[in-house]
Amino acid sequence: MAGAGRLLAADFAISLMWVFSNELIKIFSLGYAASQLDADILKCALSVANMFAFAYMGKLTHGGAYNPLAVLAPAISADFSNFLFTVGARIPAQVVGSIYGVRLIMSTFPWMQHKPHLKVDIATGALTEDLTGGCMNPAPVMGWAFANKQHITKEHLVVYWLAPVEATLIAVWLSRILYGTKKDKRAAVKDTSPHQKSKKSD
(Lines give C-alpha, C1' and ligand atoms only; values in the text may rest on other atoms or scores of the structure.)
Protein backbone atom coordinates (compact mmCIF):
# COMPACT_ATOMS: atom_id res chain seq x y z
CA MET A 1 0.00 0.00 0.00
CA ALA A 2 2.84 2.39 0.86
CA GLY A 3 4.50 1.61 -2.48
CA ALA A 4 1.26 2.35 -4.32
CA GLY A 5 0.92 5.66 -2.49
CA ARG A 6 4.48 6.66 -3.39
CA LEU A 7 3.84 5.77 -7.03
CA LEU A 8 0.68 7.91 -7.11
CA ALA A 9 2.56 10.81 -5.50
CA ALA A 10 5.30 10.42 -8.12
CA ASP A 11 2.75 10.39 -10.96
CA PHE A 12 1.15 13.56 -9.58
CA ALA A 13 4.43 15.42 -9.06
CA ILE A 14 6.02 14.37 -12.34
CA SER A 15 2.90 15.30 -14.33
CA LEU A 16 2.81 18.73 -12.66
CA MET A 17 6.51 19.32 -13.37
CA TRP A 18 6.19 18.08 -16.96
CA VAL A 19 3.50 20.63 -17.82
CA PHE A 20 5.36 23.44 -16.07
CA SER A 21 8.76 22.60 -17.58
CA ASN A 22 7.37 22.53 -21.13
CA GLU A 23 6.05 26.05 -20.75
CA LEU A 24 9.38 27.20 -19.28
CA ILE A 25 11.13 25.80 -22.36
CA LYS A 26 8.80 27.78 -24.64
CA ILE A 27 9.37 31.00 -22.67
CA PHE A 28 13.15 30.53 -22.59
CA SER A 29 13.35 29.63 -26.29
CA LEU A 30 11.33 32.62 -27.44
CA GLY A 31 12.97 35.03 -25.02
CA TYR A 32 16.64 34.25 -25.64
CA ALA A 33 16.78 33.27 -29.32
CA ALA A 34 17.75 35.81 -31.96
CA SER A 35 15.42 34.42 -34.64
CA GLN A 36 12.52 32.02 -35.04
CA LEU A 37 14.86 29.36 -36.42
CA ASP A 38 17.17 29.72 -33.42
CA ALA A 39 14.13 29.50 -31.14
CA ASP A 40 12.97 26.28 -32.81
CA ILE A 41 16.43 24.70 -32.57
CA LEU A 42 16.81 25.73 -28.92
CA LYS A 43 13.33 24.48 -28.08
CA CYS A 44 14.02 21.13 -29.76
CA ALA A 45 17.34 20.69 -27.90
CA LEU A 46 15.82 21.62 -24.53
CA SER A 47 12.82 19.36 -25.13
CA VAL A 48 15.07 16.36 -25.81
CA ALA A 49 17.11 17.10 -22.66
CA ASN A 50 13.86 17.50 -20.74
CA MET A 51 12.63 14.08 -21.88
CA PHE A 52 15.87 12.45 -20.71
CA ALA A 53 15.58 14.22 -17.36
CA PHE A 54 12.03 12.99 -16.85
CA ALA A 55 12.97 9.48 -17.93
CA TYR A 56 15.61 9.54 -15.19
CA MET A 57 13.01 10.80 -12.70
CA GLY A 58 10.78 7.90 -13.69
CA LYS A 59 13.64 5.54 -12.92
CA LEU A 60 14.32 7.20 -9.56
CA THR A 61 10.67 6.93 -8.55
CA HIS A 62 10.42 3.30 -9.73
CA GLY A 63 7.86 3.94 -12.44
CA GLY A 64 6.49 7.46 -11.97
CA ALA A 65 5.13 8.78 -15.28
CA TYR A 66 3.43 11.80 -16.84
CA ASN A 67 1.65 10.15 -19.79
CA PRO A 68 -1.49 8.04 -19.19
CA LEU A 69 -0.85 6.08 -22.38
CA ALA A 70 2.59 5.01 -21.14
CA VAL A 71 1.07 3.35 -18.07
CA LEU A 72 -2.09 2.11 -19.78
CA ALA A 73 -0.27 -0.10 -22.32
CA PRO A 74 1.54 -2.34 -19.78
CA ALA A 75 -1.52 -2.33 -17.50
CA ILE A 76 -3.64 -3.91 -20.24
CA SER A 77 -1.24 -6.84 -20.39
CA ALA A 78 -1.01 -7.15 -16.59
CA ASP A 79 -3.40 -8.72 -14.09
CA PHE A 80 -6.84 -7.18 -13.50
CA SER A 81 -5.96 -5.59 -10.13
CA ASN A 82 -3.01 -3.79 -11.74
CA PHE A 83 -5.28 -2.60 -14.56
CA LEU A 84 -7.82 -1.24 -12.07
CA PHE A 85 -5.09 0.52 -10.09
CA THR A 86 -3.78 2.16 -13.26
CA VAL A 87 -7.15 3.27 -14.64
CA GLY A 88 -8.72 4.17 -11.30
CA ALA A 89 -5.77 5.78 -9.53
CA ARG A 90 -2.61 6.37 -11.58
CA ILE A 91 -4.20 8.04 -14.61
CA PRO A 92 -6.41 10.31 -12.42
CA ALA A 93 -3.28 11.26 -10.41
CA GLN A 94 -1.53 12.25 -13.64
CA VAL A 95 -4.53 14.29 -14.79
CA VAL A 96 -4.85 16.10 -11.45
CA GLY A 97 -1.09 16.78 -11.45
CA SER A 98 -1.39 18.30 -14.93
CA ILE A 99 -4.32 20.46 -13.86
CA TYR A 100 -2.33 21.83 -10.92
CA GLY A 101 0.65 22.31 -13.24
CA VAL A 102 -1.49 24.50 -15.50
CA ARG A 103 -2.78 26.43 -12.48
CA LEU A 104 0.81 27.02 -11.38
CA ILE A 105 1.71 28.29 -14.85
CA MET A 106 -1.27 30.65 -14.97
CA SER A 107 -0.53 32.04 -11.52
CA THR A 108 3.22 32.42 -12.23
CA PHE A 109 2.81 33.75 -15.76
CA PRO A 110 -0.68 35.34 -15.89
CA TRP A 111 -0.11 36.54 -19.45
CA MET A 112 0.16 32.98 -20.73
CA GLN A 113 -2.98 31.54 -22.25
CA HIS A 114 -2.69 28.23 -24.04
CA LYS A 115 -5.02 25.53 -25.20
CA PRO A 116 -4.81 22.69 -27.77
CA HIS A 117 -6.06 23.86 -31.11
CA LEU A 118 -6.94 21.56 -33.99
CA LYS A 119 -6.03 22.73 -37.47
CA VAL A 120 -8.41 20.24 -39.11
CA ASP A 121 -11.78 18.61 -38.44
CA ILE A 122 -12.29 16.25 -35.50
CA ALA A 123 -12.16 13.02 -37.55
CA THR A 124 -8.85 13.96 -39.22
CA GLY A 125 -7.43 15.15 -35.90
CA ALA A 126 -8.34 11.87 -34.22
CA LEU A 127 -6.59 9.89 -36.98
CA THR A 128 -3.41 11.97 -37.34
CA GLU A 129 -2.93 13.33 -33.80
CA ASP A 130 0.25 15.39 -33.30
CA LEU A 131 0.63 16.47 -36.93
CA THR A 132 -2.64 18.38 -36.86
CA GLY A 133 -2.52 20.15 -33.50
CA GLY A 134 -3.40 17.08 -31.46
CA CYS A 135 -1.32 15.73 -28.62
CA MET A 136 -0.17 12.21 -27.79
CA ASN A 137 -0.32 12.89 -24.04
CA PRO A 138 -3.91 13.41 -22.83
CA ALA A 139 -2.98 14.58 -19.30
CA PRO A 140 -1.55 18.08 -20.03
CA VAL A 141 -4.25 18.63 -22.65
CA MET A 142 -6.80 17.89 -19.94
CA GLY A 143 -5.07 20.42 -17.69
CA TRP A 144 -5.36 23.23 -20.24
CA ALA A 145 -8.85 22.19 -21.31
CA PHE A 146 -10.00 22.21 -17.67
CA ALA A 147 -8.51 25.68 -17.18
CA ASN A 148 -10.38 26.89 -20.28
CA LYS A 149 -13.58 25.01 -19.31
CA GLN A 150 -13.40 22.91 -22.48
CA HIS A 151 -12.70 19.49 -20.94
CA ILE A 152 -16.10 18.03 -21.81
CA THR A 153 -16.30 19.16 -25.43
CA LYS A 154 -16.61 16.63 -28.25
CA GLU A 155 -13.26 17.70 -29.72
CA HIS A 156 -11.43 17.16 -26.44
CA LEU A 157 -12.97 13.79 -25.65
CA VAL A 158 -12.64 12.31 -29.15
CA VAL A 159 -9.26 13.67 -30.27
CA TYR A 160 -7.33 13.80 -27.01
CA TRP A 161 -8.75 10.80 -25.13
CA LEU A 162 -10.75 8.35 -27.23
CA ALA A 163 -8.39 8.26 -30.24
CA PRO A 164 -5.11 7.85 -28.26
CA VAL A 165 -6.63 5.18 -25.99
CA GLU A 166 -7.99 3.24 -28.98
CA ALA A 167 -4.59 3.47 -30.69
CA THR A 168 -2.93 2.14 -27.52
CA LEU A 169 -5.35 -0.79 -27.36
CA ILE A 170 -4.70 -1.63 -31.03
CA ALA A 171 -0.93 -1.44 -30.48
CA VAL A 172 -1.14 -3.82 -27.50
CA TRP A 173 -3.35 -6.20 -29.50
CA LEU A 174 -0.95 -6.22 -32.47
CA SER A 175 2.00 -6.75 -30.13
CA ARG A 176 0.30 -9.79 -28.63
CA ILE A 177 -0.36 -11.23 -32.09
CA LEU A 178 3.18 -10.63 -33.37
CA TYR A 179 5.23 -11.34 -30.25
CA GLY A 180 2.89 -13.08 -27.80
CA THR A 181 2.67 -12.37 -24.08
CA LYS A 182 5.11 -13.06 -21.26
CA LYS A 183 2.91 -15.96 -20.20
CA ASP A 184 3.14 -17.48 -23.69
CA LYS A 185 6.93 -17.10 -23.70
CA ARG A 186 7.26 -18.72 -20.26
CA ALA A 187 5.11 -21.62 -21.42
CA ALA A 188 7.24 -22.01 -24.54
CA VAL A 189 10.44 -22.05 -22.49
CA LYS A 190 8.94 -24.63 -20.12
CA ASP A 191 7.93 -26.86 -23.06
CA THR A 192 11.44 -26.77 -24.50
CA SER A 193 13.24 -27.45 -21.20
CA PRO A 194 15.16 -30.79 -20.95
CA HIS A 195 13.13 -31.84 -17.89
CA GLN A 196 9.84 -31.28 -19.73
CA LYS A 197 11.12 -33.19 -22.79
CA SER A 198 12.11 -36.18 -20.64
CA LYS A 199 8.62 -36.22 -19.09
CA LYS A 200 7.01 -36.23 -22.53
CA SER A 201 9.27 -39.07 -23.73
CA ASP A 202 8.31 -41.18 -20.69
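Below is a summary of the structure that appears in this document. (Residues numbered from 1 in each chain as written. Predicted model: local features only at pLDDT ≥ 70, side-chain atom pairs only at ≥ 80, totals over all residues. Heavy atoms only, no water.)

The next point concerns the packing of aromatic side chains. Inspection of every chain in the model, using the stated rule, returns seven aromatic pairs. Seen from their ring centres, W18 and Y66 are 3.9 Å apart, and the 10° between their planes marks the pair as stacked. You can see W18 sitting in helix α1 (residues 2-32) and its partner Y66 sitting in the loop between α2 (36-60) and α3 (68-77), a full 48 residues away along the chain. On the basis of relative accessible area, W18 is assigned to the buried category, the value being 11%. Through a chain of ring-to-ring contacts, the aromatic side chains of W18, F54 and Y66 assemble into a single cluster. (Phe/Tyr/Trp six-rings, centres within 6.5 Å; stacked < 30°, edge-to-face > 60°. Helix = DSSP H or I, 4+ residues; strand = E, 2+ residues; numbered from the N terminus. Buried < 20%, exposed > 50% of the residue type's maximum accessible area, 1.4 Å probe, protein only.)

Once that is clear, we can look at the nonpolar core. If you look at soluble globular proteins, the nonpolar side chains tend to sit buried side by side. The biggest cluster of nonpolar side chains holds ten residues, and these are A65, V71, L72, I76, I91, V95, I99, M142, W161 and V172. Within the residue set of this core, elements represented by two or more residues are α3, α4 (80-108) and α7 (154-179). Within the second largest apolar cluster, seven residues are counted, among which are V19, F20, V102 and M112. (Core = buried A, V, L, I, M, F, W, Y, C linked by side-chain atoms within 4.5 Å.)

For α3, every residue scored as buried is listed here: P68, L69, V71, L72, A75 and I76. Taken around the axis of α3, the buried residues stretch over an arc of 160°, which confines them to a single face. Two or three places before L69, at the start of α3, stands the capping residue N67, its side-chain oxygen 3.0 Å from that residue's backbone nitrogen. (Arc of directions from axis to C-beta. Polar contact = N/O pair within 3.5 Å; in protein donor to acceptor, adjacent residues only side chain to side chain.)

In this structure, H62 takes a positive phi of about 60° despite not being glycine. Here H62 lies in the loop between α2 and α3. Using a relative accessible area of 73% as the deciding quantity, one classes H62 as exposed.

Before going further, it helps to examine the side chain of S21. Inspection of the secondary structure assignment puts S21 in helix α1. Residue classification places S21 among the buried residues on the basis of a relative accessible area of 14%. Within the structure, S21 has its side chain in polar contact with the backbone oxygen of W18 (distance 3.0 Å).

As for its position among the elements, A65 is in the loop between α2 and α3. Each C-alpha atom of the pair A65 and F54 lies 8.2 Å from the other, and the pair is eleven residues apart in sequence. If near-sequence neighbours (up to four positions away) are discounted, A65 is found in contact with D11, I14, S15, V71, R90 and Q94. (Contact = heavy atoms within 4.5 Å.)

Another point: the packing of α3 against α4. For the pair α3 and α4, interaxial distance at closest approach is 9 Å and the crossing angle is 175°. Taken together, the axis directions place α3 and α4 in an arrangement best described as roughly antiparallel. For the pair α3 and α4, the contacting residues are P68, V71, L72, A75 and I76 in the first and N82, F83, T86, V87, R90, I91 and Q94 in the second. (Axes fitted to C-alpha atoms, helices over the stretch in contact; angles between N-to-C directions. Parallel < 35°, antiparallel > 145°, perpendicular 65-115°, else oblique.)

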